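Survey of secondary and tertiary structure
Listed below, chain by chain, are the residues.
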Amino acid sequence: MIKKEIVIGLLVGLFANLAGIYLYITLFSPNGLEETIIKAREEDFLGSIIALGAIANFLPFFVFLKKNQPYRSRGVLIATLIAAVSIAILKFN
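Numbers given to residues run from 1 along each chain, matching the order in which its sequence is written. Local features are withheld for residues below a pLDDT of 70 in this predicted model, meaning they are given only at 70 or higher, and side-chain atom pairs are given and counted only at 80 or more; totals for whole chains, interfaces and linings count all residues. Computation of side-chain values: all heavy atoms of the structure, hydrogens and water removed.

Section: the packing of helix 1 (residues 2–28) against helix 3 (residues 46–54)
Each axis is a line fitted through C-alpha atoms, taken for helices only over the stretch in contact, and angles between the N-to-C directions span 0 to 180 degrees. Here a helix means four or more residues in a row that DSSP labels H or I, a strand means two or more in a row labelled E, and each is numbered from the N terminus. Where helix 1 contacts helix 3, the axes come no closer than 7 Å and their chain directions differ by 115 degrees. It follows from the interaxial angle that helix 1 and helix 3 lie roughly perpendicular. In the crossing of helix 1 with helix 3, the sense of the turn from one axis to the other is right-handed. Side by side, helix 1 and helix 3 meet where Ala 16, Asn 17, Gly 20, Ile 21, Tyr 24 and Ile 25 of the first sit next to Ile 49, Ile 50, Leu 52, Gly 53 and Ala 54 of the second. For the contact of helix 1 with helix 3, the per-class residue count stands at eight nonpolar, three polar and no charged. Working definition: roughly parallel below 35 degrees, roughly antiparallel above 145 degrees, roughly perpendicular at 65 to 115 degrees, and oblique for all remaining angles. The hand of a helix crossing depends on one turn: near helix anticlockwise from the far one by less than a right angle means left-handed, and clockwise means right-handed. Pairs of residues are marked as contacts when any of their non-hydrogen atoms sit within 4.5 Å. Here the nonpolar group is Ala, Val, Leu, Ile, Met, Phe, Trp, Tyr, Cys and Pro; Asp, Glu, Lys and Arg are the charged ones; every other residue, Gly included, is treated as polar.

Written out as structure tokens, the structure reads:
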């Protein structure tokens with residue numbers, strides 16, 4: 001039961017991060033989604049876009065804490081750590 005709750009939180013955290021990336025690109029990029037991601041990869045600022053998308057994880061994290069669902073909050077935290085590791089890998093490649 002606990003593992004299921006953590007996996008739910010992880011999936012929500014990953015979705016929130018992707019939604020944050022999409023929202024950021026939609027609002028602030030003059031190019032389309034695909035063009036922006038390709039350009040970000042070429043010019044080494046894809047990690048910055050992932051970090052900005054990870055800000056969206058605050059919302060589900062605190063909602064789960066408020067609803068007394070600590071294991072789902074842990075899942076969101078794991079998703080945030082996955083984003084951090086991804087950023088580190090992109091930075092050192």
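The structure having been displayed, the exposition proceeds.
So, helix 1
In a helix, the anticipated span is given by 1.5 Å times the number of residues less one. Spanning 27 residues, helix 1 covers 39 Å between terminal C-alpha atoms, matching the ideal 39 Å at 1.5 Å per step. Working definition: with a 1.4 Å probe on protein chains only, accessible area under 20% of the residue-type maximum means buried, over 50% means exposed, and in between means partly exposed. Those residues of helix 1 that fall on the buried side of the exposure criterion are Glu 5, Gly 9, Gly 13, Ala 16, Asn 17, Gly 20, Ile 21 and Ile 25. Where the residues of helix 1 are buried, they touch helix 2 (33–42), helix 3, helix 4 (58–66) and helix 5 (70–91).

Points about the packing of helix 4 against helix 5
A packed helix pair is summarised by two numbers, namely the angle formed by the two axes and the spacing between the axes. For the pair helix 4 and helix 5, the least separation of the axes is 8 Å and the interaxial angle reads 165 degrees. With respect to helix 5, the element helix 4 is oriented roughly antiparallel. As helix 4 packs across helix 5, the resulting crossing turns out to be left-handed. Contacts between helix 4 and helix 5 involve Pro 60, Phe 61, Phe 64 and Leu 65 on the former and, on the latter, Arg 72, Ser 73 and Val 76. In terms of residue class, the contact of helix 4 with helix 5 is built from five nonpolar, one polar and one charged.

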